[in-house]
Amino acid sequence: MEHLITAIKEEVENYQVASADQLEAYRLAFISKKGKVSELFETLKTLPKEDKQRFGKPLNELKQLAEGKFAEWQEKLQSSASNATLDIDFTLPSVPEKLGNQHPLTLTRNRIIEIFERLGFSVADGPEIEDDWHNFSALNFPENHPAREMQDTFFVEKKGQNGAEQDLLLRTHTSNVQVRLMKDQKPPIRAIMPGRVYRNEAISARAHCFFHQVEGLYVDKNVGFADLKQTLYHFAKEMYGQDTKIRFRPSFFPFTEPSAEIDISCLICKGKGCNVCKYSGWVEIAGSGMVHPNVLKNCGIDPEEFTGFAFGMGIERITMLRYQVNDLRLYSENDLRFLRQFSTVV
Ligand code: DAH
C-alpha cells in the first residue's frame, strides 16, 4: 500500500496538462470513481483495522493533492480561454468581401422586365441558333427580300449542305421568339423576350457583331394601335422619367403593318441637340407595329379573330442612354475598371 501511494503521488506530481482534453484524461485516470486514487480507497476498505489507520491519512493527502491539481489546471485553462476571446479586436477593419456586381446590360434588362411584368407581360426565351423559317420566312420576309441581305446574317449551315433542309443561322433579332410563342400558345399572349442577337458587322464604337434586344408581343382579341402606343408611352416614362417626350415615326418592317419607329427626347441634351442625338433632339429606342396578318397566319392564328402588336428594342442603346456609355465595345471587353463602376447601381 505504501508503495502504491508513493508511486501514484509521484505520478500526480509529474503530470502535465495543457488542454481540456488532457485535463479530462487526468480526471479519468486519477480522481474519477474508477481512477487510481479511488481504487486505493477501495483497497483500503479491505485492509485490517490497524492498516486502515496507518494508510488513511497519507491516502487522504494524496486525494487532496490530486484534486487540488485538477482545480488548479481547470482554472488556468478557463482563464486562458477567456483571454483568447478578448484578443479579438473589434475595431480592426474587416477583410473586404469581394462580391461582383451586375453587368450594366443586366441592370437594364432587369429594369425593362420589371416594368413590363407589372403590365402583365411574362418573360420568354428562344434559341440563338435558329432556322431560316423562324428568323425570316414566318416573319413575312419574302424569299429575296433585301432585309435578308441587309441583316448580314451569320450562317451556321446552308440549305442542301449535309442534308440541311433549310438555312441554320445565328438569329439576327429576337423576333424569332414571337414566332415560337405564337406557334406554341393560344392567345391571349403577352410576353417580352430578352436575348442576344448576332449580325455580321465590323466592330466599332457604334456597331458590334453581337448585341441584345428585348422583343415584346401582345396578341388577343381587339388589340389596337392605341394599346401599343399607351404601352410604350408608359414604358418610356417609367424607364427614363416622367418628363420624357415620345414620338412615333412611320416605318417599315415585313412583320408588322402599320409599323413605327419610336424615338424619345434626348436624355443628354433634353432635346436641345447634341452629338448623341446628332443634333436632332431625338434618339431612336425601338421598332414596333401591329403584327402582320401573314405572320399570325404563318403561326396558326386567325387574323380575323385576333390582332396584336409587337416591338423590339436594343438593350445596349438603352443602357448607353441610361449611363452615358459612349462605346459599345466596353460592354464585352471585360474591363473591370468599366464594370466596377456599376457596383453601386441597383
Ligand atoms: N426585329 C427588328 C430589328 O431587329 C426590331 C423590331 C421592329 C421588332 C418592329 C418588332 C417590331 O417586334 O414590331 O430591327
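Preceding this paragraph is the structure being described.
Below, the structure is looked at part by part. This structure is a prediction, so every number in the text was calculated from the model and none was measured.

What follows is about the nonpolar core. Phe-116, Tyr-240, Ile-264 and Met-313 are the most contacted members of the largest nonpolar core, which has 44 residues in total. If we ignore the near neighbours within four places in the chain, the residues touching Tyr-240 are Ile-264, Leu-267, Ile-285, Ile-318 and Leu-321. In terms of nonpolar packing, the next biggest core, distinct from the first, is built from 24 residues, Val-179, Met-182, Leu-296 and Ala-310 among them.

The next thing to look at is the pairing of strand β10 (residues 307-314). Judged by how many residues are buried, β10 sits mostly within the fold: six of eight residues are covered. Relative to β10, strand β6 (residues 210-220) runs antiparallel, the two sharing eight bridges. Within β10, the residue paired with Asp-220 across the bridge is Thr-307. As defined by bridge partners, strand β9 (residues 282-291) adjoins β10 across five bridges and the pair is classed as antiparallel.

So, on to the sheet that holds strand β4 (residues 168-170). A sheet is described by the order of its strands in space; here three strands give the open sequence β2-β4-β3, paired in antiparallel fashion. In this open sheet, the two strands that pair with only one neighbour each are β2 (129-131) and β3 (155-157). Ignoring strand direction, the axes of neighbouring strands in this sheet form an average angle of 35°. Strand direction decides the pairing type here: β3 and β4, joined by two bridges, are antiparallel. Residue pairing in the sheet places Phe-155 in a bridge with Leu-169 of β4.

The subject of this paragraph is unusual backbone geometry. For the bond running from Pro-187 to Pro-188, omega is 5°, close enough to zero to count as cis. Positionally, Pro-188 belongs in the loop between α8 (175-184) and β5 (189-198). Here Glu-257 and Pro-258 are connected by a cis peptide whose omega angle stands at -5°. By the secondary structure assignment, Pro-258 is in strand β8 (residues 256-265). A positive phi angle, near 60°, is found at Asn-222, a position not held by glycine. Topologically, Asn-222 is positioned in the loop between β6 and α9 (225-240).

What follows deals with the pattern of salt bridges. By the definition in use, this model includes 17 salt bridges. Note that Asp-263 is salt-bridged to Arg-247, the shortest N-O span being 2.8 Å. Within this pair, whereas Asp-263 is found in strand β8, its partner Arg-247 is found in strand β7 (residues 246-253), the two being separated by 16 residues in sequence. Overall, Asp-263 belongs to the buried group, its relative accessible area being 2%. Given the relative accessible area of 30%, Arg-247 is considered partly exposed. Arg-337 is the salt-bridge partner of Asp-335, the closest N and O atoms lying 2.7 Å from each other. Taking the relative accessible area as the measure of exposure, Asp-335 reaches 22% and is therefore partly exposed. By sharing partners, the salt bridges in this structure join Arg-111, Glu-114, Arg-118 and Glu-238 into a single network.

Around the ligand sit 15 residues, and of these His-173, Gln-178, Arg-199, Gln-213 and Glu-215 come closest. A distance of 2.6 Å separates an oxygen atom of the ligand from a polar side-chain atom of Glu-215. In the environment of the ligand, an oxygen atom lies 3.2 Å from a nitrogen or oxygen atom belonging to the backbone of Ala-310.

Attention now goes to helix α2 (residues 20-31). End to end, α2 covers 16 Å across 12 residues, agreeing with the expected 16 Å (1.5 Å per residue, within 8%). Every buried residue belonging to α2 is among Leu-23, Tyr-26 and Phe-30, and all of these are buried. All buried residues of α2 lie within an arc of 60° about the axis, which places them on one face of the element. Exposed positions of α2 whose direction lies more than 90 degrees from the buried face are Ala-20 and Asp-21.

Here we take up α9. Compared with an ideal rise of 1.5 Å per residue, which puts 16 residues at 22 Å, α9 spans 22 Å between its outermost C-alpha atoms and is within 8% of the ideal. Just downstream of α9 lies Gly-241, where phi reads positive at about 115°.

One can find Tyr-26 in helix α2. Non-local contacts of Tyr-26, meaning those with residues more than four positions away in its chain, are made with Val-12, Tyr-15, Val-17, Ile-31, Ala-66, Lys-69, Phe-70 and Trp-73.

A few words on the packing of aromatic side chains. Across all of its chains, the model carries 20 aromatic pairs by this definition. With 6.2 Å between their ring centres and 55° between their planes, Tyr-15 and Trp-73 make a pair best called tilted. With Tyr-15 in the loop between α1 (2-14) and α2 and Trp-73 in helix α4 (residues 49-86), this pair connects stretches of sequence that are 58 residues apart. Since its relative accessible area comes to 24%, Tyr-15 is described here as partly exposed. The exposure class assigned to Trp-73 is buried, which follows from its relative accessible area of 8%. Seen in terms of ring centroids, Phe-116 and Phe-121 are 5.3 Å apart; in terms of plane orientation they differ by 70°. Their pairing is edge-to-face. Of note, Lys-158 hangs over the ring of Phe-155, and the distance from its end group to the ring centre comes to 3.8 Å.

Here is what the cut-offs are and how they apply
Residues numbered from 1 in each chain as written. Predicted model: local features only at pLDDT ≥ 70, side-chain atom pairs only at ≥ 80, totals over all residues. Heavy atoms only, no water. Core = buried A, V, L, I, M, F, W, Y, C linked by side-chain atoms within 4.5 Å. Buried < 20%, exposed > 50% of the residue type's maximum accessible area, 1.4 Å probe, protein only. Contact = heavy atoms within 4.5 Å. Helix = DSSP H or I, 4+ residues; strand = E, 2+ residues; numbered from the N terminus. Pairing = 2+ DSSP bridges. Axes fitted to C-alpha atoms, helices over the stretch in contact; angles between N-to-C directions. Salt bridge = Lys/Arg side-chain N within 4 Å of Asp/Glu carboxyl O. Near = heavy atom within 4 Å. Polar contact = N/O pair within 3.5 Å; in protein donor to acceptor, adjacent residues only side chain to side chain. Expected span 1.5 Å × (residues − 1). Arc of directions from axis to C-beta. Phe/Tyr/Trp six-rings, centres within 6.5 Å; stacked < 30°, edge-to-face > 60°. Lys NZ or Arg CZ within 6 Å of the ring centre and 35° of its normal.

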